[in-house]
Amino acid sequence: MKKAVAVIGAGAWGTALAAHAARLGHDVRLWAREADVARDVNELHENRPLLAGVPLPPSIRASTDPREVLEAADLVVLVPPSAFLRSVAASIAPHVPRAARVAIATKGIENESLLLMLDVVAQALPDADPEALVVLSGPSFAREVASGLPTDVVVASRDEASATEVQAALHAPFFRVYTSKDPIGVEVGGALKNVLAIAAGACDGLGLGTNARAALVTRGLSEMARLGAALGGDPLTFMGLSGVGDLILTTTGALSRNRTLGLKVAEGVDPAGYLASQRTVAEGFLTARAAWQLAQRHGVDVPITEQVYRVLHEGRPLLDAMKQLMTRDQKDELWGIRP
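Remember, predicted model here, so these are calculated numbers, not experimental data.

Quick look at helix α12 (residues 257-266)
Owing to its 3.6 residues per turn, the α-helix aligns residues three or four sequence positions apart on the same side.
(1) Moving on: Within the span of α12, buried status applies to Asn258, Arg259, Leu261, Gly262 and Val265. Down the axis of α12, the sector holding all buried residues measures 155 degrees, keeping them to one side.
(2) Moving on: A positive backbone phi angle near 95 degrees is found at Gly268, which sits one or two residues after α12.

Observations regarding the pairing of strand β4 (residues 75-78)
Successive side chains on a regular strand alternate, one facing one side of the sheet and the next facing the other.
(1) Moving on: Residues Leu75 and Val77 point to one face of β4 and Val76 and Leu78 to the other, with burial holding for every one of them.
(2) Moving on: Pairing of strand β1 (residues 4-8) with β4 involves four bridges; the strand directions are parallel. Within the sheet, the bridge partner assigned to Ile8 lies in β4 and is Leu78.
(3) Moving on: As judged from the four bridges shared by β4 and strand β5 (residues 101-104), these two strands associate in the parallel manner. Considered in β5, the bridge of Leu75 is made with Arg101.
(4) Moving on: You can see the chain leave β4, run along helix α5 (residues 82-92) and come back into β5, and the turn it takes is right-handed.

Description of the packing of aromatic side chains
(1) Moving on: Within the structure shown, the criterion is met by one aromatic pair.
(2) Moving on: Considering the side-chain rings of Trp292 and Tyr309, the 6.3 Å spacing of their centres and the 25 degrees angle between planes classify their relative orientation as stacked. Note that Trp292 is positioned in helix α14 (residues 284-298) and Tyr309 in helix α15 (residues 303-314), a separation of 17 residues in sequence. Of the two residues examined, Trp292 and Tyr309, each falls in the buried class.

So, how was this worked out
- Per chain, residue numbering runs from 1 following the sequence as it is written.
- Where totals are concerned, whole chains, interfaces and linings use all residues; where local detail is concerned, this predicted model gives features only for residues with pLDDT of at least 70, and gives and counts side-chain atom pairs only at 80 or more.
- With hydrogens and water excluded, all non-hydrogen atoms of the structure serve as input to the side-chain values.
- Residue burial is assigned from relative accessible area. The probe radius is 1.4 Å, only protein chains are included, and a residue is buried under 20% of its type maximum, exposed over 50%, and partly exposed in between.
- Helix and strand definitions here come from DSSP, where helices need a minimum of 4 consecutive H or I residues and strands a minimum of 2 consecutive E residues; each element is numbered from the N-terminal end.
- Throughout, the arc means the angular range of directions from the helix axis out to the C-beta atoms.
- Only strands joined by at least two bridges in the DSSP assignment are considered to pair.
- Handedness is read with the strands pointing away from the viewer; a crossover is right-handed when the path from the first strand over the helix to the second is clockwise.
- The rule is short: rings of Phe, Tyr and Trp, with Trp giving its six-membered ring, pair when the centres are within 6.5 Å, and they are stacked under 30 degrees, edge-to-face over 60, tilted in between.

Pasting the structure below:
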């Protein structure tokens, strides 16, 4: 059934989701902060700054006016960077139709509050039912989704009917959408995979080998499961698309902005300076601090996340961080996960 879909955030991921929804025949409107991006989408049917060379469906209408984008929307998809999700959601709150289904495709942890994105939106959209909010995650590079390449994602909500409704709106043969009742686990996976991708990039940049990268990815998955379980998530969720699926993609794929950041750090580039020169966002940079603080709050052991935080935000040399990881006490493999 055709729906009015409002995508809030015209970054690469928001643009890709808008393109997918438009290809399904939905009436898609895209909110862009930058006037040049909105103009490109409307006139050139392309997002040149962030998805250069990828043609977009001409039916997408972009605007910098949230009231225009949100008018009579059936489905609202929020895709701002995590650092701006609260402010953007609060600014559009008066214009979100009460009957609209709200889905959150932003991945991260809010630095100030240490809240997951669903909880941030629940506070910023006071008229929305927090039980009915939906999160969307999974292994999905924006350029490939925008190009119509095969992708699987998961939508999660405490309310099964809400997840099923979003699934029905976005599911397609080349964009399979699965449902989950575990938004906490889905969000933790989507947030931590970016941190671990930075570690994987640094590992590759140092030339430590594929054995080391495989070990890092696997032990990183354990960190996801420990933190997710401590927050109330289901450890089995991390065996799915938002856990191991997104982790594999982001730690190995050449399109991963977070893996690229790790490679740059291994070259000796200042991470903050590098990110300041980029128009795109590497969510793992800020998430590393928030995830480390959140783990500390709940008494969860996350050694890889800790070392990424120390390197990015405290200037710890990479080789020192590697030594810290390799000389830890011996452990049972499932320590901290097994009930």
